[in-house]
Amino acid sequence: MNHRPIWSTLACALALVLLTGSSAFAGVREKLGGGRRAPREARYKTFLDSDDYRDGEEVVGAFLTDADYGRMVEDLQYRGVTFDWGWVLAEGDKRHKPATLGFSISSYRTVHVAPVRNVAGKIAPGIEKEVHDVLTEAMRQLGLEMVAEPDAADLVLGAAVVDYKADGTYIFFAVVDPYVELEIRLHDRGAGQDLLLVRHRDHNKTPALGAADTAGDLVRFLR
């Protein structure tokens, strides 16, 4: 994640570490949106096993499905990019950190970027278009030609806004920055198979900048 908290004072942070232990502090910081997490051993086998899926507070099943979630692992890593949850068609059995993708994006010529769906509820006007624009630019950076109709495309990229926070929030010693959480599906239309599934939240100064960060990560992951 690309979170940017502002700690009130070093003394406050140090006191919390002394009171709760460094591991607990790290968990609190992650929950509040603090810092891009270092790679670690995943807590859950798939997104279906996660608290995010089970506690009823997150939007689930409105874009990606349970069948997708059953494939998606925590902290999917490739080429220095980490997505909160994801699955990618890859060689070998290292689901969290594949060594080689099972496809080459350069072997495709065209892509259809579908209209972005809002399943998060009330969001600022125009967010869906801003997300669509940055995803379209990401596909262009990968050398793909945009086509208007999905039936004419080699690939179809779909996305949905599943969570959204327009303003920062002060919580004791930190600020939770605005964020946007996206679900993304990249599908090989000719082969009839998915290539990539992602569920990822990015904190930034604005949700639109968070979406741009996610799009940039998508380029680095697939290139």
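Bear in mind the structure is a predicted one, so any value in this text is a computation, not a measurement. (Residues numbered from 1 in each chain as written. Predicted model: local features only at pLDDT ≥ 70, side-chain atom pairs only at ≥ 80, totals over all residues. Heavy atoms only, no water.)

1. With respect to the confidence of the model for the protein chain
In regions of low pLDDT, the predicted coordinates are not meant to be interpreted in detail. To keep things clear, this is the line we draw: The predictor reports its confidence for every residue as pLDDT, a score running from 0 up to 100. Working rule for contacts: check all heavy atoms of both residues, and any pair within 4.5 Å makes them a contact.
On average, residues of the protein chain score 85 in pLDDT, and 80% of them are at 70 or above. Note that pLDDT drops below 50 for residues 1-39; the model gives that stretch 63 contacts with residues more than four away or on any other chain.

2. Here's the deal with the pattern of salt bridges
Rules: In the sections that follow, a salt bridge refers to a side-chain nitrogen of Lys or Arg positioned within 4 Å of a carboxyl oxygen of Asp or Glu. Helix numbering and strand numbering both begin at the N terminus, where a helix is a DSSP run of H or I of at least 4 residues and a strand a DSSP run of E of at least 2. Each residue is assigned to one of three classes by its accessible area relative to the maximum for its type, calculated with a 1.4 Å probe on protein chains only: buried under 20%, partly exposed between the two thresholds, exposed over 50%.
Following the criterion strictly, the structure yields 14 salt bridges and no others. Its salt-bridge partner being R185, residue D68 comes within 2.7 Å of it at the nearest N-O pair. One end of the pair, D68, is in helix α4 (residues 66-69); the other, R185, is in strand β11 (residues 179-188), and 117 residues separate them in sequence. Taking the shortest distance from any N to any O, the salt bridge between D163 and R201 comes out at 2.7 Å. Placement of D163 in strand β8 (residues 155-165) and of R201 in strand β12 (residues 193-203) is noted, with a sequence separation of 38 residues between them. A relative accessible area of 17% places R201 in the buried class.

3. Overview of the environment of A212
Following the sequence through the fold, A212 ends up in helix α6 (residues 207-222). With a relative accessible area of 33%, A212 lands in the partly exposed category. In this structure, the C-alpha to C-alpha distance between A212 and V131, residues 81 residues apart in sequence, is 7.4 Å.

4. Some thoughts on the nonpolar core
Worth spelling out the cut-off: Definition of nonpolar core: a set of buried residues of the types Ala, Val, Leu, Ile, Met, Phe, Trp, Tyr and Cys, connected through side-chain atoms within 4.5 Å.
Grouped together as the largest cluster of nonpolar side chains are 38 residues, with contacts concentrated most on L135, M139, L196, F221 and L222. Elements supplying a minimum of two residues to this core: β1 (73-78), β2 (81-88), β5 (110-113), α5 (127-141), β8, β11, β12 and α6. Among the elements that make up this core, the one with the highest residue count is α6 (six residues). If we skip the residues at most four places from it in the chain, L222 touches R79, F103, I105, M139, L142, L186 and L196. Within the second largest apolar cluster, 11 residues are counted, among which are Y69, W87, A160 and V162.

5. A few points about the side chain of H112
We count it as follows: Here a polar contact means two N or O atoms within 3.5 Å. Within protein one must be a hydrogen donor candidate and the other an acceptor candidate, and residues neighboring in sequence count only if both atoms are side-chain atoms.
As for its placement among the helices and strands, H112 is situated in strand β5. Assessed through its relative accessible area of 10%, H112 is described here as buried. Among the polar contacts made by the side chain of H112, one reaches the main-chain carbonyl oxygen of A148 at a distance of 3.1 Å. Those residues within four positions of H112 in sequence are excluded, and the remaining contacts are V147, A148, E149, P150, A153, L155, V156 and L157.

6. Focus: the side chain of S50
Note on placement: S50 falls in the loop between α2 (22-32) and α3 (51-54). Note on S50: relative accessible area 1%, which makes it buried. Among the polar contacts made by the side chain of S50, one reaches the main-chain amide nitrogen of Y53 at a distance of 3.1 Å.

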